[in-house]
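# Structural overview for review
One letter stands for each residue in the lines below.
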Amino acid sequence: MGQSTRIITIANQKGGVGKTTTAINLATALAAIGENVLIVDVDPQGNASTGLGIERDDREVSSYEILLGEASISEATIQTAVPNLSIVPSTMDLLGVEMEIASAADRVFRLKNALRAQDGQFGYVIIDCPPSLNLLTLNAMAAADSLLVPLQCEFFALEGLSQLLKTVEQVRGSVNKNLGIQGIVMTMYDGRNNLANQVVDDVRAHMGAKVYKTVIPRNVRLSEAPSYGKPAILYDLACSGSQAYLNLASEVIQRERQSKAA
C-alpha cells in the first residue's frame, strides 16, 4: 500500500460487541465522503462479506488465498454495491489457515506483505477480525497502522479491554512497534439503562481521550440491515445507528489528520 493508505484493524477478542457492524458502516461512511475504501474480512464467519451482499458462491478468491500466498489483494478484491467500497471476502477455509502456515517464518506478516504489495489505490483499509486473539487477528494487528476497539456497554467491558490492551503491548513489542489505538467506540448503548451510562463513564475515566465522543446506540435498523446485504447507512440513513456511524467516521478522519500532523 502507498504511504497515504491508512490501515485500521477492528478488533476485540469478545464476540457480539459490534465489530462487523462497525467495520461495514464505518467503511461505508468513509466511502460516502469520497474516500476509496477496502474492507479485508479475516473472520471465518464472513459476516462482513455477507453484510455487504457478497454471495458465498462469488467468493472464488478470498483472504484465505492471500494468507496462503496464493493470490494478491487485487485478485481477491470485489467491488460492493456501495460506490468507492471494495471488499476482500472471507470463507470458512480460514478456519484451517493457522495449521497451514504455522511453520512459516513470515506467518504473522502474510497480510501485511500482501497489503504492502498494493499500489496505494485505497485511502483506507479496514480489517475485520474474528472474536479471538489468534493468528488471523495477529496478522491484522501486524498489518495495521492503528486499532479501533468496539466495546459493548456492559458490566465486563473494562475487563475485556485490559486483556486486549495487554495483547496490543505484546504486538508492539514483537511484530508492530508502530501499532497505536485509533480509538475505543462504545457500542450497543441504551440510554435508559443506568448500567450503560455507568460503563461509558468508567471507560472514559480509565481511557480518557482514547474513547470517541460518538456512542453507537442499540438500534433495530442496525441489526436488520445485514440480512438485506446492506450497510445500515444504505438501508436506513435516517436511523440513529447510521447517523452515529457517520459521526464516528468524521471523528476517525479527524484523528487521522491529527496523527499525520504530529
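### What about the packing of helix H8 (residues 157-174) against helix H9 (residues 194-207)?
H9 packs onto H8 with a crossing angle of 30° between their chain directions and a minimal axis gap of 10 Å. The orientation of H8 with respect to H9, classified from their angle, is roughly parallel. Each of Ala157, Leu158, Leu161 and Leu165 in H8 lies in contact with H9, whose residues at this interface are Val199, Asp202, Val203, His206 and Met207. Its residues assigned to classes, the contact of H8 with H9 comprises 7 nonpolar, 1 polar and 1 charged.

### Observations regarding the sheet that holds strand E7 (residues 180-189)
Across the sheet, which stays open at both edges, the 8 strands sit in the order E3-E4-E2-E5-E1-E6-E7-E8 with mixed pairing between neighbours. This sheet does not close on itself; its edge strands, each paired only once, are strand E3 (78-79) and strand E8 (211-217). Bridge analysis of E3 against strand E4 (residues 85-88) gives 2 bridges, and the strand direction is antiparallel. Residue pairing in the sheet places Gln79 in a bridge with Ser86 of E4.

### What to know about a negative patch on the surface
A cluster of like negative charges, contributed by Glu55, Asp57, Asp58 and Glu60, occupies part of the molecular surface. Residue placement: Glu55 occurs in the loop between helix H2 (47-51) and helix H3 (63-68).

### Details of the environment of Leu246
Relative to the elements of secondary structure, Leu246 occurs in helix H12 (residues 240-261). In sequence terms Leu246 and Ala29 are 217 residues apart; their C-alpha atoms lie 5.4 Å from each other. With residues up to four places along the chain from it excluded, the contact list for Leu246 reads Ala29, Ile233 and Leu237.

### Regarding the layout of surface pockets
Counted as a void, the largest pocket has a volume near 500 Å³. Lining the largest pocket are 25 residues, and of these Val17, Gly18, Lys19, Thr21 and Met188 lie nearest its centre. At the level of secondary structure, the elements contributing two or more residues to the lining of the largest pocket comprise helix H1 (19-32), H2, E7, E8 and helix H10 (220-224). Counting residues per element, the lining of the largest pocket draws most heavily on H1, which supplies 5 residues. Partitioned by chemical class, the residues of the lining of the largest pocket number 10 nonpolar, 12 polar and 3 charged.

### Some words on empty space enclosed by the protein
On inspection of all chains with the given rule, the structure shows 2 cavities of 30 Å³ or more. Estimates place the volume of the largest cavity at around 50 Å³. As for the largest cavity, its lining consists of Asn12, Lys14, Val17, Leu151, Gln152, Glu154, Phe156, Ala157, Gly160 and Leu161. Listed by contribution, the elements that provide at least two residues to the lining of the largest cavity are strand E6 (146-152) and H8. When residues of the lining of the largest cavity are assigned to their parent elements, the largest contribution, 3 residues, is made by H8. Here the residues of the lining of the largest cavity sort into 5 nonpolar, 3 polar and 2 charged. Volume-wise, the second largest cavity comes out at about 30 Å³. Lining the second largest cavity are Thr21, Ile24, Asn25, Leu222, Ala225, Pro226, Lys230, Pro231 and Ala232. Among the elements that make up the lining of the second largest cavity, the one with the highest residue count is H1 (3 residues).

### So, the environment of Thr28
With respect to the helices, strands and loops of the structure, Thr28 is situated in helix H1. Residues Thr28 and Ser86 lie 58 residues apart in sequence; the distance between their C-alpha atoms is 9.8 Å.

### Section: the nonpolar core
Counting 50 residues, the largest nonpolar core has Val40, Leu111, Leu115, Ile127, Ile184 and Met186 as the members making the most contacts within it. In terms of residue count, the dominant contributor to this core is helix H7 (residues 135-143) (6 residues). Setting aside anything within four residues of it in sequence, one finds Val40 in contact with Val88, Leu111, Leu115, Val125, Ile126, Ile127 and Asp128. Membership of the second largest hydrophobic core comes to 33 residues, among which are Ala23, Leu52, Tyr124 and Tyr245.

### Comments concerning the packing of aromatic side chains
Scanning the entire structure with this criterion turns up 2 aromatic pairs. Here Phe155 and Phe156 contribute two aromatic rings whose centre-to-centre distance is 5.0 Å and whose plane-to-plane angle is 65°, an arrangement assigned as edge-to-face. With a centroid separation of 4.9 Å and 25° between ring planes, the pair formed by Tyr228 and Tyr235 is classed as stacked.

Cut-offs applied
- Residues numbered from 1 in each chain as written.
- Predicted model: local features only at pLDDT ≥ 70, side-chain atom pairs only at ≥ 80, totals over all residues.
- Heavy atoms only, no water.
- Axes fitted to C-alpha atoms, helices over the stretch in contact; angles between N-to-C directions.
- Helix = DSSP H or I, 4+ residues; strand = E, 2+ residues; numbered from the N terminus.
- Parallel < 35°, antiparallel > 145°, perpendicular 65-115°, else oblique.
- Contact = heavy atoms within 4.5 Å.
- Nonpolar A, V, L, I, M, F, W, Y, C, P; charged D, E, K, R; others polar.
- Pairing = 2+ DSSP bridges.
- Patch = residues over 30% accessible without salt bridge, like charges linked within 9 Å, V, L, I, M, F, W, Y side chains within 5 Å.
- Areas by Shrake-Rupley, 256 points an atom, 1.4 Å probe, with all protein chains shown as cover.
- Salt bridge = Lys/Arg side-chain N within 4 Å of Asp/Glu carboxyl O.
- Lys, Arg positive; Asp, Glu negative; His and termini not counted.
- Charge placed at Lys NZ, Arg CZ, Asp CG, Glu CD.
- 1 Å grid on protein atoms, 1.4 Å probe; cavity = no way out; pocket = protein on both sides within 12 Å on 5 of 7 lines; lining within 4 Å.
- Points joined across faces, edges and corners; volume = space filled by probe spheres on them.
- Core = buried A, V, L, I, M, F, W, Y, C linked by side-chain atoms within 4.5 Å.
- Buried < 20%, exposed > 50% of the residue type's maximum accessible area, 1.4 Å probe, protein only.
- Phe/Tyr/Trp six-rings, centres within 6.5 Å; stacked < 30°, edge-to-face > 60°.

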